[in-house]
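The chain contents come next:
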Amino acid sequence: MKKIFVLFSFTTALFVSGAQAQALLEWNFFGFSNQVTQVSTVNAADVASATLSRGAGAASSIGGNSFRTTGFLNNGIALTNTDYFQFSLNVTAPSYNISLNSISMRFSGTTSFSASPGVTNAWAYSLDGGTIYNLMSTFQKVGNGTNSFDLSEIAALQNVTSTNEIFFRYYASGRTTTGGWGFSSPSALPANNGLVLNGVVPEPSTYALLALGATALGLYRLRSARRKS
């Protein structure tokens, strides 16, 4: 029993250590202004680099060390809006599953646009090639600074197979009719990245090890039951 329990504990520990959330995609906007698109600064192993782009209603605008627009209107959040930023996530290794944990953002905007009650922010995702988007809950932000949006409770974004490309869209609505708003990086340091997608891409071997431990424990319990009967 002891040997089997140790084996199960060891494989479980390997699974947990291999399943810790990490930065999958990161964008640092320091030194950039008026960017139409921007490729991710860093991408994790087995994750393809991604391009942050814009909807037709979110044209690029001047703003140092940022990716922003004056196109975010004071019209609420709706999937039919064309003022949005977007990117997609691709896992490059076959047979890998991906689970998403959070999106971290560092905001920069004009005072009037982000004045109380603040900017309404929302993310939407799609798993069908970017055709049908699912809008997640909104959150408010007054002024500049950082926010993190939790993805871990969204079942559809957990254990997504590598054959599925995950699309994301970011929407915002502020206090004034127009106003500059977007992501920013006050320095080139990774701690000041303007946009970060966090998640887990465990290797198939990790799942195999966990399954091996569970099988061994199951066999032991079956043999013990037979001995007692």
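Described below are features of the structure shown in this document. On a predicted model such as this, the values are computed, not experimentally measured, just so you know.

Criteria and thresholds
Residues numbered from 1 in each chain as written. Predicted model: local features only at pLDDT ≥ 70, side-chain atom pairs only at ≥ 80, totals over all residues. Heavy atoms only, no water. Buried < 20%, exposed > 50% of the residue type's maximum accessible area, 1.4 Å probe, protein only. Helix = DSSP H or I, 4+ residues; strand = E, 2+ residues; numbered from the N terminus. Pairing = 2+ DSSP bridges. Contact = heavy atoms within 4.5 Å.

So, about the pairing of strand E13 (residues 166–173). When you tally the buried positions in E13, you get 8 out of 8 residues, the bulk of the element. The alternating pattern of E13 places Ile166, Phe168, Tyr170 and Ala172 on one face and Phe167, Arg169, Tyr171 and Ser173 on the opposite face, and all of these are buried. As judged from the 6 bridges shared by strand E6 (residues 84–89) and E13, these two strands associate in the antiparallel manner. The residue of E13 that forms the bridge with Phe87 is Phe168. Here strand E8 (residues 119–126) runs beside E13; their pairing, made up of 7 bridges, is antiparallel. Pairing of Tyr125 across the sheet is with Phe168, part of E13.

This next bit is on the side chain of Gln38. With respect to the element layout, Gln38 can be found in strand E2 (residues 38–39). Overall, the relative accessible area of 6% leaves Gln38 in the buried class. Non-local contacts of Gln38, meaning those with residues more than four positions away in its chain, are made with Trp27, Asn28, Phe29, Phe32, Ala50, Thr51, Leu52 and Phe67.

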